[in-house]
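Here is what each chain is made of, one letter per residue.
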Amino acid sequence: MEQKTYTQAGYDALKNELADINEKIEINKKDISTARSYGDLSENSEYDEAKQEQGKLHARKAELEEMIAHAKIVDESQIDWQKISVGSIVTLFNVERNAEFTYHIVGSYETDPKNGKISDSSPVGLALIGAQEGDEVVVAGVKEQHLKIKSVTRAKD
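Please read all numbers here as calculations on a predicted model, not as lab measurements.

Engineer: What should I look at first to understand the nonpolar core in this one?
Structural biologist: In globular proteins that are soluble, nonpolar side chains generally tend to be buried together. One finds Ile 84, Leu 128 and Ile 149 to be the most contacted residues of the largest nonpolar core, which totals 13 residues. Looking at this core, the elements that each hand over two or more residues are strand E3 (88-94), helix H3 (123-128), strand E6 (136-139) and strand E7 (145-154). No other element matches E7, which puts three residues into this core. Beyond its immediate chain neighbours, meaning those up to four positions away, Ile 149 contacts Ile 84, Val 90, Thr 91, Leu 92, Leu 128, Ala 131, Gln 132, Glu 133, Gly 134, Asp 135 and Val 137. In this structure, Leu 14, Leu 18, Leu 64 and Met 67 belong to the second largest nonpolar core, which totals 11 residues.

Engineer: Sorry if this is basic, but what is going on with empty space enclosed by the protein here?
Structural biologist: One simple way to see leftover space: roll a probe sized like a water molecule over the atoms. Taken as a whole, this structure holds one cavity of 30 Å³ or more when the rule is applied. The volume enclosed by the largest cavity comes to roughly 40 Å³. Forming the boundary of the largest cavity are Leu 92, Asn 94, Arg 97, Phe 101, Tyr 103, Val 124, Gln 145 and Leu 147. Looking at the lining of the largest cavity, the elements with two or more residues in it are E3, strand E4 (99-106) and E7. The class makeup of the residues in the lining of the largest cavity is five nonpolar, two polar and one charged.

Conventions adopted
- Residues numbered from 1 in each chain as written.
- Predicted model: local features only at pLDDT ≥ 70, side-chain atom pairs only at ≥ 80, totals over all residues.
- Heavy atoms only, no water.
- Core = buried A, V, L, I, M, F, W, Y, C linked by side-chain atoms within 4.5 Å.
- Buried < 20%, exposed > 50% of the residue type's maximum accessible area, 1.4 Å probe, protein only.
- Helix = DSSP H or I, 4+ residues; strand = E, 2+ residues; numbered from the N terminus.
- Contact = heavy atoms within 4.5 Å.
- 1 Å grid on protein atoms, 1.4 Å probe; cavity = no way out; pocket = protein on both sides within 12 Å on 5 of 7 lines; lining within 4 Å.
- Points joined across faces, edges and corners; volume = space filled by probe spheres on them.
- Nonpolar A, V, L, I, M, F, W, Y, C, P; charged D, E, K, R; others polar.

Pasting the structure below:
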């Protein structure tokens, strides 16, 4: 798995989810044990459901452990805060739409477009990385977008 970049908050969220999964695995073990006590496993829907849940939980646990093992956390002290990078909050003016937007640039696994968090590897994110306040960038796509960077700040994790 390739190394992925995370903000500290994004990395902490992965670790918290892993802790939650570990708790759910313990609960699931008890559910399986209880379902086994109901008798014949060939016709035991509670057992089947608990075993399916076990598979999902262990798959997610493995995925999270892999993500954590290959995570690269943005070192805020090493960043030129005037240039856009993971962790930047950017206010943009979209020339074609005559509209202003604010985005938080995050690692690809932290993306949440509904809440203004876009990936550094998305088309807009790629166009913005390394740019700074006052720059104008062009985002290629079905419809080309011209974005003027109005401000760049850092997220307060």
